[in-house]
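Letter by letter, the chains look like this.
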Amino acid sequence: DNLCMALQSQGKSTEALEYCRKALGLDPTNINARVSLAKSFDSLVPVWHTAMMNDKLRNDAYLAALQTAITADTHVLEIGTGSGLLAMMAARCGAKQVTTCEMSPLIAATAKEIILTNGMADSIDVIAKKSTNLEMGVDLPGPADLLVFEIFSSEFLGEGVLSSIEDAKRRLLGSDGRIIPSGGTIMIALFGGDHIGKLIMVDDVNGLDMKKFNSITSNKRSLSTYNYDVELLTNDVEAFNFDFYQTLFTPPKQKTLRIPITKTGKCYGVLQWNRIKMNDTVTFENHPSIKTPTSSWTHLAYIFDEPIHVEPNQTAVVSAMHNRMAPWFA
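Keep in mind that this is a model prediction, so the values were computed, not measured.

## Here we look at the overall build of the chain
No. 1: When its secondary structure is counted, the chain shows 9 helices and 17 strands.
No. 2: Per-residue burial for the chain yields a buried fraction of 48% across its 330 residues.
No. 3: Long-range pairs, those at least 24 residues apart, make up 78% of the contacts in the chain with a sequence separation of at least 6.
No. 4: Summed over its atoms, the accessible surface of the chain is roughly 16600 Å², and 53% of this surface lies on carbon and sulfur atoms.

In structure tokens form, the structure reads like this:
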């Protein structure tokens, strides 16, 4: 158990996992091994995987798009195997072959077991590599006909989606290949609401002025609006649009948005969510008004230093930017 804890403290979660299991095989009541095992899983397998698998709206959107794109001759390349769910959906839709890659060896091995359990091992190849390390003629017999991925973070860009898709299009997808999703949009709106405000900012507590504490908290916060009431003070705004199908390279960008206020209230900042365009007819969006407890995405709040009172006769001037890996709004 000491070895488990030492390996975990050094960031060697895979090695710690192996020794924790051995320690628990000898003594199932070893609490140090239990704690180290849990920490290893936390670092190796992000907890959002489970919520993502159980997100019915997401799954239905992907399935609808796959059904229209796959024929008996389609070779599907998926980036980011995860549990193997989307790869199995593609196989069920009748794809000739599915190649899917996963950079986490533990997750890739588990996906193989899940695919075997569901009787699809003959039609799905799981490659334990990052997509940028895939080799034509080694990992794929030839260019794929359809590229599928769900490597979006809550802030849209955080998992390196742009660089991964650009590389796959250039090296691994046929010239007439299709892409699911075909595009996406970072959506924003100014927000307020006393309920959500209590989660992100402090004012007076029991007659004591606590506002100074706000100066040492992050201006960017992940929020689960399922549990809190949020009030949008503007219409939905398309901050940045991304065309995965047509665009060869997306550069960093900065611009100014002028957003009309539509409702009176105390504004805490800018709320951001994702809109994913599967194809020309199917769109998936985790809009703040959709109360779903099983989404892998949260909403991102870009919080002002102090709340601002806003009214419908005003216009908010918002600085919007992204560096290909993260957006920011102020």
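## What about helix α8 (residues 161-171)?
No. 1: The buried fraction of α8 amounts to 8 of the 11 residues, a majority that puts the element mostly inside the structure.
No. 2: Inspection of α8 places Val161, Leu162, Ser164, Ile165, Glu166, Asp167, Ala168 and Lys169 among the buried residues, and these make up the whole buried set.
No. 3: Looking at the buried residues of α8, the elements they touch are β1 (75-79), β4 (144-149), β5 (173-180) and β11 (237-243).

## Things to note about unusual backbone geometry
No. 1: For the bond running from isoleucine 180 to proline 181, omega is 0°, close enough to zero to count as cis.
No. 2: Summarising the element assignment, proline 181 is placed in the loop between β5 and β6 (183-192).
No. 3: Backbone geometry at phenylalanine 156 places phi at a positive 80°, although glycine is not the residue there.
No. 4: Tracing the backbone shows phenylalanine 156 in the loop between β4 and α8.
No. 5: The phi torsion at asparagine 206 lies on the positive side, around 50°, for a residue other than glycine.
No. 6: Within the secondary structure, asparagine 206 is located in the loop between β7 (204-205) and β8 (208-209).

## Examining a nonpolar patch on the surface
No. 1: Together, Val205, Leu208 and Met210 line one region of the surface with nonpolar side chains, adding up to about 250 Å² of accessible area.
No. 2: Inspection of the secondary structure puts methionine 210 in the loop between β8 and β9 (220-223).
No. 3: Take methionine 210: its relative accessible area is 36%, and that puts it in the partly exposed class.

## Focus: the packing of helix α2 (residues 13-26) against helix α3 (residues 31-44)
No. 1: Running from amino to carboxyl end, α2 crosses α3 at an angle of 145°, the nearest separation of the two axes being 9 Å. The two elements α2 and α3 meet at a crossing, and its hand is left-handed. Residue-level inspection shows Ser13, Thr14, Ala16, Leu17, Cys20, Arg21, Ala23 and Leu24 of α2 in contact with α3, the latter providing Ala33, Arg34, Ser36, Leu37, Ser40, Phe41, Ser43 and Leu44.
No. 2: Residues that form the contact of α2 with α3 fall into these classes: 9 nonpolar, 5 polar and 2 charged.

## Quick notes on helix α7 (residues 105-117)
No. 1: If you check α7, its first and last C-alpha atoms are 18 Å apart, about what 13 residues at 1.5 Å a residue would give, namely 18 Å.
No. 2: Taken together, the buried positions of α7 are occupied by Ile107, Ala108, Ala111 and Ile115. Buried residues of α7, viewed axially, fall in a sector of 100°; they line one side. For α7, the exposed residues set more than 90 degrees away from the buried face come down to Pro105, Glu113, Leu116 and Thr117.
No. 3: Against the buried residues of α7 lie α3, α4 (48-53), α6 (85-92) and β3 (124-127).
No. 4: Within two residues after α7, glycine 119 carries a phi angle of roughly 70°, on the positive side.

## Some words on the pairing of β1
No. 1: In terms of burial, β1 is a largely internal element, 5 of the 5 residues being buried.
No. 2: Residues His75, Leu77 and Ile79 point to one face of β1 and Val76 and Glu78 to the other, with burial holding for every one of them.
No. 3: Pairing between β1 and strand β2 (residues 97-101): 5 bridges, direction parallel. Counterpart to valine 76 in the pairing with β2 is valine 98.
No. 4: Traced from β1 through α6 to β2, the parallel crossover comes out right-handed.
No. 5: The pairing of β1 with β4 spans 4 bridges and is classified as parallel. The residue of β4 that forms the bridge with valine 76 is leucine 146.

## Overview of the sheet that holds strand β12 (residues 253-260)
What holds strands together in a sheet is hydrogen bonding between their backbones, with the strands either parallel or antiparallel.
No. 1: With respect to topology, 3 strands assemble into an open sheet ordered β12-β16-β17, the strand pairing being antiparallel. Either end of the sheet is taken by a strand with one partner, and the two such strands are β12 and β17 (327-329). Shown here is a sheet whose adjacent strand axes are inclined to one another by a mean of 20°, direction ignored.
No. 2: Looking at chain direction, β12 and strand β16 (residues 315-322) are connected through 8 bridges and run antiparallel. Looking across to β16, one finds that isoleucine 259 is bridged to alanine 316.

The rules behind these values
Residues numbered from 1 in each chain as written. Predicted model: local features only at pLDDT ≥ 70, side-chain atom pairs only at ≥ 80, totals over all residues. Heavy atoms only, no water. Helix = DSSP H or I, 4+ residues; strand = E, 2+ residues; numbered from the N terminus. Buried < 20%, exposed > 50% of the residue type's maximum accessible area, 1.4 Å probe, protein only. Contact = heavy atoms within 4.5 Å. Areas by Shrake-Rupley, 256 points an atom, 1.4 Å probe, with all protein chains shown as cover. Patch = residues over 30% accessible without salt bridge, like charges linked within 9 Å, V, L, I, M, F, W, Y side chains within 5 Å. Salt bridge = Lys/Arg side-chain N within 4 Å of Asp/Glu carboxyl O. Axes fitted to C-alpha atoms, helices over the stretch in contact; angles between N-to-C directions. Left-handed = near helix turned anticlockwise from the far one by under 90°. Nonpolar A, V, L, I, M, F, W, Y, C, P; charged D, E, K, R; others polar. Expected span 1.5 Å × (residues − 1). Arc of directions from axis to C-beta. Pairing = 2+ DSSP bridges. Right-handed = clockwise from strand over helix to strand, strands pointing away.

The quantities given are spatial measurements derived from coordinates; they are silent on function.
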